[in-house]
Amino acid sequence: MARRSWAEPYKIKMVELIKMSSPEDRLQAIREAGYNTFLLKSEDVYIDLLTDSGVGAMSDRQWSGLMMGDEAYAGSRNFYHLRDTVEQYYSYKYTVPTHQGRGAENIISQLLISDGDYVPGNMYFTTTRLHQELAGGTFVDVVIDEAHDPSSEHPFKGNVDFDKLDALVEKVGAEKIPYICIATCVNMAGGQPISMANLKQLRTWCDKHGIMLVHDMTRVAENAYFIQQREEGYQDASVQQIVYELCSLTDAATMSSKKDAMVNIGGFLAMNDPKFYERACELVVVYEGLHTYGGMAGRDMEALAIGITESVDDQHIRARVGQVEYLGEKLKSAGVPIVNPIGGHAVFLNARKILPHIPQERFPAQALSAALYLESGVRSMERGVVSAGRNKDTGENYMPKLELVRLTIPRRVYTQAHMDVTAESVIDVMERADQIKGLRFTYEPEVLRFFQARFELVT
Ligand code: F0G
């Protein structure tokens, strides 16, 4: 029998109208935004692929959950529902809600990192690394080399390189490493998974050295899907089972629930150690709110609990990743250089290859992202030198090998036709790539500069 296509495991009950703007309007909008897509008004965007964060479509069940909000200051029943759901699906015993993922990153960094510590991870993430640095730590990249190579077809580019880890322990000593932070489906590598085998090996390594293993589980369901598709021995396991196994190999987790779990806002810190939980509860009241709501409304915790159950459904995740793959394959077959293999949440355009005439100091990915918006009203995000920022000690720009534009697909929001239009727009931009000019800063914020930086064209 021929392979059956996937179809969205839902039907649409309500729509939000969007409209295409004129080229003149887009030119004015991108100039006013200082060529930074973060500074565009959403109204001026046609297809919004800036991020998959907080922009998913909630189900009717999640919306009905909003009506069941118990907005008590303390002890909301929605908190207990969330806590039990986290334990059931993600294995962690204790949950501390936060307003979003970086709230959890702040708390864990402050609690565990001391001045002069090192925190290894399978590639950096912008907010994660900043919180580690603000707490006095230094991030160390221990992902395999293939993760930095857009053309490598390695099926698990999120894997840890144990030689790099061993070298770090040798250099600084295990006592200077409070924990290792492992992301599932590594965002900055292109939405690339870690294998179960690699994570199991890491668990053993951490036990041997007495180092804690922390899980950035923002996109764990997508990682689980890739394990099911690619890793021997997991073909018959459900995504739900794989998610549980991944989580149970780790000691604690930070979660931005705005991604996998399809809510507009929220996150949490979760762990198994009661002492660690106690300390997190003490700190969460300083920055977020009481430990039974931590910056979330009761209704949002309810929608999150329901979203978690939907996020691990096999049909859901197959269609979700399938849509990303659909866009990626279209671009690939037209000869557009993208990061391989196609990731779980986004297609990443290789701006170095598309704009070889723009040196990295002139921000090719930023320029490509602005050009794509101008062409079509499709909003994307720079993930290259601007996002990488400056080294906190030397003040020099990090020059990442990956100079990418991310076309991020929100969950359950756009149709295949939107993917077709997006692909056509990218192909059109690529055809006149030689006319695209580089950029220079007119304003550069000190931290997380990509959010609010402004640029001008270099002519
Ligand atoms: N970790 C990862 C892997 C993320 O992708 C994000 C957010 C965070 C942590 C922080 O979570 O936004 O809820 O505070 N990523 C978004 C993105 C912003 O567009 O990739 P947050």
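Just so we're clear, the structure is a prediction, and the values are computed from it rather than from any experiment.

In terms of helices and strands, the protein chain carries 16 helices and 14 strands. In terms of C-alpha radius of gyration, the protein chain reaches 21 Å, essentially the compact-globule figure of 23 Å for 459 residues. Summarising its shape, the C-alpha atoms of the protein chain cover approximately 60 × 55 × 50 Å along the three principal directions. Out of the 459 residues in the protein chain, the part that is buried amounts to 59%.

Turning to the sheet that holds strand 12 (residues 404–408), a few remarks are in order. Ordered by their spatial adjacency, three strands build an open sheet running 9-12-11, and the pairing between neighbours is antiparallel. Each edge of the sheet is formed by a strand with only one pairing partner; in this case those strands are strand 9 (346–350) and strand 11 (381–383). Across the sheet, the mean angle from the axis of one strand to that of its neighbour is 35°, orientation sign disregarded. Bridging between strand 9 and strand 12 involves five bridges; their strand directions are antiparallel. Within strand 12, the position partnered with Phe 348 by the bridge is Arg 406. The strands touched by helix 12 (residues 314–333) within the sheet are strand 9 and strand 12, with strand 9 carrying the most contacts at an inclination of about 25°.

The next point concerns helix 10 (residues 274–287). The periodicity of an α-helix, 3.6 residues per turn, causes residues three or four places apart in sequence to face the same way. With 14 residues, helix 10 ought to run about 20 Å at 1.5 Å a step, and its terminal C-alpha atoms sit 20 Å apart, in line with that. Turning to helix 10, its buried residues number three or more, namely Phe 276, Tyr 277, Ala 280, Cys 281, Leu 283 and Val 284. Buried residues along helix 10 sit against helix 3 (77–90), strand 2 (94–98), helix 4 (101–112), strand 6 (212–216), strand 7 (252–256) and strand 8 (267–271). Measuring from the side-chain oxygen of the N-cap residue of helix 10 to the backbone nitrogen of Lys 275 gives 3.0 Å; that N-cap residue is Asp 273.

What follows deals with the domain arrangement of the protein chain. Partitioning the protein chain into structural domains gives domain 1 (23–45 + 314–457) and domain 2 (60–311). Inter-centroid distance (C-alpha atoms) of domain 1 to domain 2 is 26 Å. Contacts between the two partners involve 34 residues from domain 1 and, on the opposite side, 42 residues from domain 2. Taking both sides of the interface into account, the surface hidden between domain 1 and domain 2 amounts to around 2900 Å²; carbon and sulfur atoms contribute 56%. There are three salt bridges connecting domain 1 and domain 2. Across the contact surface, domain 1 and domain 2 share 16 residue pairs in polar contact (both at pLDDT 80 or more). In terms of residues, the side of domain 1 that touches domain 2 owes the most to one element, helix 12, which gives seven residues. Here the residues of the side of domain 1 that touches domain 2 sort into 16 nonpolar, eight polar and 10 charged.

Around the ligand lies a shell of 17 residues, among which Thr 51, Arg 102, Asp 216, Ser 256 and Lys 259 are the nearest. Contact distances for the ligand include 2.8 Å between an oxygen atom and a backbone N or O atom of Gly 101. Between the ligand and Lys 259, the relevant distance is 2.9 Å, taken from a nitrogen atom to a side-chain nitrogen or oxygen of the residue. Here the ligand has 480 Å² of accessible area as a free molecule, and 95% of this is covered by the chains. In terms of residue count, helix 4 provides more of the shell around the ligand than any other element does, three residues in total. Here the shell around the ligand is built from residues that sort into two nonpolar, eight polar and seven charged.

Attention shifts here to a nonpolar patch on the surface. Residues Tyr 10, Ile 12, Val 15 and Leu 17 make up a contiguous nonpolar surface patch of roughly 470 Å² in combined accessible area. Relative to the helices and strands, Ile 12 resides in the segment before helix 1 (23–32). You can call Ile 12 exposed: its relative accessible area is 60%.

In the structure shown here, the tally under the stated rule is 11 aromatic pairs. Between the aromatic rings of Phe 38 and Phe 450, the centroid separation amounts to 5.8 Å while the plane-to-plane angle is 55°, which identifies the pairing as tilted. In this pair, Phe 38 is assigned in the loop between helix 1 and strand 1 (47–48) and Phe 450 in the loop between strand 13 (439–443) and strand 14 (454–457), connecting sequence segments 412 residues apart. When the centroid spacing of 4.2 Å and the interplanar angle of 45° are considered together, the rings of Phe 450 and Phe 451 count as tilted. On the basis of relative accessibility, which here comes to 3%, the residue Phe 450 falls in the buried class. A relative accessible area of 21% places Phe 451 in the partly exposed class. Of the aromatic side chains, those joined through ring pairs into one cluster are Phe 38, Phe 450 and Phe 451. Over the aromatic face of Phe 450 sits the side chain of Arg 383, whose NZ or CZ is 4.8 Å from the ring centroid.

On to the packing of helix 14 (residues 364–376) against helix 16 (residues 416–431). Where helix 14 meets helix 16, the closest approach of the two axes is 9 Å, and the angle between their N-to-C directions is 115°. In terms of orientation, helix 14 and helix 16 fall into the roughly perpendicular class. The element helix 14 and its partner helix 16 pack so that their crossing is right-handed. Of the residues in helix 16, those touching helix 14 at Leu 368, Ala 371, Leu 372, Glu 375 and Ser 376 are Ser 425, Val 426, Asp 428 and Val 429.

A rise of 1.5 Å per residue sets the reference length of helix 11 (residues 298–311), with its 14 residues, at 20 Å; its end C-alpha atoms lie 20 Å apart and thus fit the reference within 8%. Within helix 11, 11 of the 14 residues are buried, which leaves the element mostly enclosed by the surrounding structure. The set of residues buried in helix 11 consists of Gly 298, Met 301, Glu 302, Ala 303, Leu 304, Ala 305, Ile 306, Gly 307, Ile 308, Glu 310 and Ser 311.

Let us now look at the pairing of strand 5 (residues 179–183). With five of its five residues buried, strand 5 lies for the most part within the structure. The alternating pattern of strand 5 places Tyr 179, Cys 181 and Ala 183 and Ile 180 and Ile 182 on opposite faces, both of which are buried. By the bridge criterion, five bridges tie strand 5 to strand 6 in an arrangement that is parallel. Bridging from a neighbouring strand, Tyr 179 pairs with Met 212 of strand 6. In this fold, strand 5 hands off to helix 7 (residues 196–209), which returns the chain to strand 6; that crossover is right-handed.

What counts, and where the lines are drawn
Residues numbered from 1 in each chain as written. Predicted model: local features only at pLDDT ≥ 70, side-chain atom pairs only at ≥ 80, totals over all residues. Heavy atoms only, no water. Helix = DSSP H or I, 4+ residues; strand = E, 2+ residues; numbered from the N terminus. Rg over C-alpha atoms; globule rule 2.2 N^0.38 Å. Buried < 20%, exposed > 50% of the residue type's maximum accessible area, 1.4 Å probe, protein only. Pairing = 2+ DSSP bridges. Axes fitted to C-alpha atoms, helices over the stretch in contact; angles between N-to-C directions. Contact = heavy atoms within 4.5 Å. Expected span 1.5 Å × (residues − 1). Polar contact = N/O pair within 3.5 Å; in protein donor to acceptor, adjacent residues only side chain to side chain. Domains from an automatic or database assignment. Buried area = accessible area lost by both parts, 1.4 Å probe. Salt bridge = Lys/Arg side-chain N within 4 Å of Asp/Glu carboxyl O. Nonpolar A, V, L, I, M, F, W, Y, C, P; charged D, E, K, R; others polar. Near = heavy atom within 4 Å. Areas by Shrake-Rupley, 256 points an atom, 1.4 Å probe, with all protein chains shown as cover. Patch = residues over 30% accessible without salt bridge, like charges linked within 9 Å, V, L, I, M, F, W, Y side chains within 5 Å. Phe/Tyr/Trp six-rings, centres within 6.5 Å; stacked < 30°, edge-to-face > 60°. Lys NZ or Arg CZ within 6 Å of the ring centre and 35° of its normal. Parallel < 35°, antiparallel > 145°, perpendicular 65-115°, else oblique. Left-handed = near helix turned anticlockwise from the far one by under 90°. Right-handed = clockwise from strand over helix to strand, strands pointing away.

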